[in-house]
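# Geometric and topological summary
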Amino acid sequence: IPQNHKVILLSGTLCDEHYSLEFINHFISYKSSSDYTLVIHGWANNNAISQKINKLVKENINVVFSDFFFDWNKKHIIYQSVDIGLIGFSKDTLNHRFAGWSSGKMFDFMRHGVPILAFDGIGMKEIIEKNRIGKTFNNQDSFDKGITTILEDYEQLRLNALEVFSKYEFKRNFKELELFNH
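These numbers were taken from a predicted model, which means no experiment stands behind them.

Topologically, Q80 is positioned in the loop between helix 3 (76-79) and strand 4 (84-87). Using a relative accessible area of 49% as the deciding quantity, one classes Q80 as partly exposed. Here the alpha-carbon distance between Q80 and V114, two residues 34 residues apart in the chain, equals 7.5 Å.

See below:
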(Lines give C-alpha, C1' and ligand atoms only; values in the text may rest on other atoms or scores of the structure.)
Protein backbone atom coordinates (compact mmCIF):
# COMPACT_ATOMS: atom_id res chain seq x y z
CA ILE A 1 0.00 0.00 0.00
CA PRO A 2 1.53 3.33 -0.98
CA GLN A 3 2.27 5.51 2.07
CA ASN A 4 0.38 8.50 0.67
CA HIS A 5 -2.83 6.50 0.15
CA LYS A 6 -5.86 6.80 2.37
CA VAL A 7 -6.88 3.30 3.48
CA ILE A 8 -10.52 2.25 3.52
CA LEU A 9 -11.37 -0.98 5.35
CA LEU A 10 -14.13 -3.47 4.63
CA SER A 11 -13.92 -6.12 7.35
CA GLY A 12 -15.79 -9.09 8.72
CA THR A 13 -18.11 -11.49 6.95
CA LEU A 14 -18.16 -10.80 3.22
CA CYS A 15 -21.68 -11.53 2.02
CA ASP A 16 -24.70 -10.13 0.22
CA GLU A 17 -26.32 -9.13 3.52
CA HIS A 18 -23.33 -6.86 4.27
CA TYR A 19 -23.28 -5.35 0.75
CA SER A 20 -19.71 -6.55 0.28
CA LEU A 21 -19.70 -6.60 -3.52
CA GLU A 22 -21.55 -3.26 -3.65
CA PHE A 23 -18.88 -1.67 -1.44
CA ILE A 24 -16.11 -3.00 -3.67
CA ASN A 25 -17.84 -1.86 -6.86
CA HIS A 26 -18.56 1.59 -5.40
CA PHE A 27 -14.90 1.91 -4.44
CA ILE A 28 -13.71 0.82 -7.89
CA SER A 29 -16.07 3.37 -9.49
CA TYR A 30 -15.01 6.15 -7.11
CA LYS A 31 -13.55 9.01 -9.14
CA SER A 32 -10.49 9.45 -6.90
CA SER A 33 -9.82 5.79 -6.12
CA SER A 34 -6.25 6.11 -7.41
CA ASP A 35 -5.43 7.99 -4.16
CA TYR A 36 -6.93 5.26 -1.96
CA THR A 37 -6.52 1.61 -1.19
CA LEU A 38 -9.48 -0.57 -0.26
CA VAL A 39 -8.42 -3.28 2.17
CA ILE A 40 -10.85 -6.18 2.40
CA HIS A 41 -10.14 -8.32 5.44
CA GLY A 42 -12.59 -11.07 6.21
CA TRP A 43 -14.09 -14.32 5.09
CA ALA A 44 -16.60 -14.96 2.34
CA ASN A 45 -19.65 -16.92 3.39
CA ASN A 46 -19.85 -18.77 0.06
CA ASN A 47 -17.65 -19.66 -2.92
CA ALA A 48 -19.53 -17.45 -5.38
CA ILE A 49 -18.83 -14.32 -3.31
CA SER A 50 -15.21 -15.37 -2.79
CA GLN A 51 -14.68 -15.88 -6.53
CA LYS A 52 -16.26 -12.51 -7.38
CA ILE A 53 -14.11 -10.72 -4.79
CA ASN A 54 -10.93 -12.42 -6.02
CA LYS A 55 -11.77 -11.44 -9.62
CA LEU A 56 -12.34 -7.79 -8.64
CA VAL A 57 -9.10 -7.74 -6.63
CA LYS A 58 -7.08 -9.14 -9.54
CA GLU A 59 -8.52 -6.47 -11.87
CA ASN A 60 -7.86 -3.51 -9.53
CA ILE A 61 -4.45 -2.57 -8.21
CA ASN A 62 -5.87 -0.46 -5.34
CA VAL A 63 -7.90 -3.30 -3.83
CA VAL A 64 -6.24 -5.73 -1.41
CA PHE A 65 -7.91 -8.87 -0.05
CA SER A 66 -6.73 -10.85 2.96
CA ASP A 67 -8.61 -13.70 4.54
CA PHE A 68 -6.00 -15.01 6.95
CA PHE A 69 -6.98 -15.54 10.57
CA PHE A 70 -5.99 -12.53 12.61
CA ASP A 71 -5.42 -13.09 16.32
CA TRP A 72 -8.47 -11.61 18.07
CA ASN A 73 -6.25 -9.88 20.62
CA LYS A 74 -4.34 -8.11 17.85
CA LYS A 75 -7.23 -7.01 15.63
CA HIS A 76 -6.76 -3.45 16.87
CA ILE A 77 -3.68 -3.26 14.62
CA ILE A 78 -5.91 -3.36 11.55
CA TYR A 79 -8.45 -0.86 12.87
CA GLN A 80 -5.92 1.70 14.03
CA SER A 81 -4.17 1.56 10.64
CA VAL A 82 -7.07 2.74 8.45
CA ASP A 83 -8.62 6.09 7.58
CA ILE A 84 -12.25 5.17 6.85
CA GLY A 85 -14.32 2.14 7.87
CA LEU A 86 -17.14 0.63 5.80
CA ILE A 87 -20.27 -0.88 7.33
CA GLY A 88 -23.42 -2.22 5.73
CA PHE A 89 -26.32 -4.37 6.85
CA SER A 90 -29.25 -5.41 4.70
CA LYS A 91 -32.65 -4.37 5.97
CA ASP A 92 -34.08 -7.40 4.15
CA THR A 93 -33.00 -9.90 6.80
CA LEU A 94 -34.34 -9.78 10.34
CA ASN A 95 -30.91 -10.60 11.77
CA HIS A 96 -29.34 -7.52 10.15
CA ARG A 97 -32.25 -5.10 10.16
CA PHE A 98 -31.25 -3.37 13.41
CA ALA A 99 -27.62 -4.47 13.56
CA GLY A 100 -26.07 -0.99 13.71
CA TRP A 101 -25.75 -0.61 17.47
CA SER A 102 -24.77 -4.24 17.93
CA SER A 103 -22.09 -4.21 15.25
CA GLY A 104 -18.68 -5.23 16.56
CA LYS A 105 -16.93 -3.49 13.68
CA MET A 106 -18.86 -0.27 14.40
CA PHE A 107 -17.41 -0.24 17.91
CA ASP A 108 -13.95 -1.25 16.67
CA PHE A 109 -13.92 1.71 14.28
CA MET A 110 -15.16 4.08 16.99
CA ARG A 111 -12.66 2.72 19.54
CA HIS A 112 -9.84 3.73 17.20
CA GLY A 113 -11.33 7.03 16.04
CA VAL A 114 -12.01 5.84 12.50
CA PRO A 115 -14.81 7.72 10.71
CA ILE A 116 -17.41 5.42 9.15
CA LEU A 117 -19.06 5.32 5.73
CA ALA A 118 -22.16 3.14 5.95
CA PHE A 119 -24.99 1.97 3.73
CA ASP A 120 -28.11 3.86 4.73
CA GLY A 121 -29.95 0.96 6.35
CA ILE A 122 -32.44 1.11 9.18
CA GLY A 123 -31.06 3.24 12.00
CA MET A 124 -27.66 3.80 10.39
CA LYS A 125 -28.24 7.47 9.60
CA GLU A 126 -29.31 8.05 13.20
CA ILE A 127 -26.26 6.27 14.58
CA ILE A 128 -23.66 7.60 12.16
CA GLU A 129 -24.82 11.10 11.27
CA LYS A 130 -26.61 12.09 14.48
CA ASN A 131 -23.42 11.29 16.40
CA ARG A 132 -21.27 12.88 13.66
CA ILE A 133 -18.95 9.88 13.32
CA GLY A 134 -19.20 9.56 9.53
CA LYS A 135 -21.65 9.54 6.62
CA THR A 136 -24.26 7.23 5.16
CA PHE A 137 -24.90 6.61 1.47
CA ASN A 138 -27.26 4.76 -0.85
CA ASN A 139 -25.75 5.18 -4.35
CA GLN A 140 -22.49 5.94 -6.14
CA ASP A 141 -22.90 9.71 -5.96
CA SER A 142 -23.56 9.71 -2.21
CA PHE A 143 -20.66 7.23 -1.71
CA ASP A 144 -18.31 9.67 -3.47
CA LYS A 145 -19.69 12.64 -1.52
CA GLY A 146 -19.45 10.65 1.71
CA ILE A 147 -15.71 10.10 1.30
CA THR A 148 -15.18 13.76 0.40
CA THR A 149 -17.22 14.96 3.39
CA ILE A 150 -15.42 12.61 5.78
CA LEU A 151 -12.03 13.85 4.63
CA GLU A 152 -13.08 17.51 4.87
CA ASP A 153 -14.12 17.09 8.52
CA TYR A 154 -11.82 14.17 9.35
CA GLU A 155 -10.34 15.30 12.65
CA GLN A 156 -13.69 16.26 14.17
CA LEU A 157 -15.33 12.99 13.03
CA ARG A 158 -12.38 11.09 14.48
CA LEU A 159 -12.73 12.81 17.85
CA ASN A 160 -16.50 12.29 17.81
CA ALA A 161 -16.01 8.56 17.17
CA LEU A 162 -13.73 8.27 20.18
CA GLU A 163 -16.24 10.15 22.35
CA VAL A 164 -19.21 8.11 21.17
CA PHE A 165 -17.29 4.90 21.81
CA SER A 166 -16.64 5.88 25.41
CA LYS A 167 -20.35 6.62 25.86
CA TYR A 168 -21.66 3.34 24.39
CA GLU A 169 -18.76 0.94 24.96
CA PHE A 170 -20.04 -2.57 25.79
CA LYS A 171 -18.03 -3.18 28.97
CA ARG A 172 -19.28 0.05 30.54
CA ASN A 173 -22.89 -0.86 29.88
CA PHE A 174 -22.44 -4.45 31.06
CA LYS A 175 -21.01 -3.14 34.35
CA GLU A 176 -24.15 -1.04 34.81
CA LEU A 177 -26.31 -4.12 34.21
CA GLU A 178 -24.21 -6.13 36.65
CA LEU A 179 -24.65 -3.47 39.35
CA PHE A 180 -28.39 -3.37 38.65
CA ASN A 181 -28.74 -7.15 39.11
CA HIS A 182 -27.00 -7.26 42.50
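Here the narrative resumes.
Turning to the sheet that holds strand 4, a few remarks are in order. One open sheet accounts for six strands, arranged 3-2-1-4-5-6; its pairing is parallel. This sheet does not close on itself; its edge strands, each paired only once, are strand 3 (63-66) and strand 6 (134-137). The average angle at which neighbouring strand axes cross in this sheet is 20°, direction not considered. As judged from the four bridges shared by strand 2 (residues 36-44) and strand 3, these two strands associate in the parallel manner. Following the sheet pairing, I40 is matched in strand 3 by F65. Of the strands in this sheet, strand 1 (6-14), strand 2, strand 4, strand 5 (116-119) and strand 6 touch helix 7 (residues 140-152), which is tilted by about 175° from strand 6.

What follows deals with the packing of helix 1 (residues 20-29) against helix 2 (residues 47-59). As a packed pair, helix 1 and helix 2 sit with axes 11 Å apart at the nearest point and diverge in direction by 10°. Considered as vectors, helix 1 and helix 2 are oriented roughly parallel to each other. The crossing of helix 1 and helix 2 is left-handed. The segment helix 1 lies against helix 2, with L21, I24, N25 and I28 engaging I49, K52, I53 and L56. Split by residue class, the contact of helix 1 with helix 2 holds six nonpolar, one polar and one charged.

Before going further, it helps to spend a moment on the nonpolar core. In terms of nonpolar packing, the biggest core is built from 28 residues, with L38, I40, I53 and F143 touching the most fellow members. Filtering out sequence-adjacent residues up to four positions away, I40 remains in contact with L10, L14, I24, I53, V57, V63, V64, F65 and S66. Core analysis: the second largest hydrophobic core is formed by 22 residues, I78, M106, F109 and I128 among them.

What follows covers helix 2. The end-to-end C-alpha distance of helix 2, which contains 13 residues, comes to 18 Å, matching closely the 18 Å that a straight helix rising 1.5 Å per residue would cover. The complete set of buried residues in helix 2 reads I49, I53, L56 and V57. When helix 2 is viewed along its axis, its buried side chains cluster within an angular range of 100° and face the same direction. Set apart from the buried face of helix 2 by more than 90 degrees, the exposed residues are N47, Q51, K55 and K58. In this structure, the buried residues of helix 2 make contact with strand 1, helix 1, strand 2 and strand 3. Sitting at the head of helix 2, N46 places a side-chain oxygen 3.0 Å from the backbone nitrogen of A48.

Turning our attention to the pairing of strand 2. For strand 2, the tally of buried residues reaches seven of nine residues, placing the bulk of the element in the interior. Examined bridge by bridge, strand 1 and strand 2 share nine bridges and lie parallel to one another. Bridged to L9 within strand 2 is V39. Taking the sense of rotation as the criterion, the β-α-β connection linking strand 1, helix 1 and strand 2 turns out right-handed. Regarding topology, helix 2 serves as the crossover connection from strand 2 to the parallel strand 3, and that connection is right-handed.

What counts and how
- Residues numbered from 1 in each chain as written.
- Predicted model: local features only at pLDDT ≥ 70, side-chain atom pairs only at ≥ 80, totals over all residues.
- Heavy atoms only, no water.
- Helix = DSSP H or I, 4+ residues; strand = E, 2+ residues; numbered from the N terminus.
- Buried < 20%, exposed > 50% of the residue type's maximum accessible area, 1.4 Å probe, protein only.
- Pairing = 2+ DSSP bridges.
- Axes fitted to C-alpha atoms, helices over the stretch in contact; angles between N-to-C directions.
- Contact = heavy atoms within 4.5 Å.
- Parallel < 35°, antiparallel > 145°, perpendicular 65-115°, else oblique.
- Left-handed = near helix turned anticlockwise from the far one by under 90°.
- Nonpolar A, V, L, I, M, F, W, Y, C, P; charged D, E, K, R; others polar.
- Core = buried A, V, L, I, M, F, W, Y, C linked by side-chain atoms within 4.5 Å.
- Expected span 1.5 Å × (residues − 1).
- Arc of directions from axis to C-beta.
- Polar contact = N/O pair within 3.5 Å; in protein donor to acceptor, adjacent residues only side chain to side chain.
- Right-handed = clockwise from strand over helix to strand, strands pointing away.

None of this, on its own, says anything about what the molecule does.
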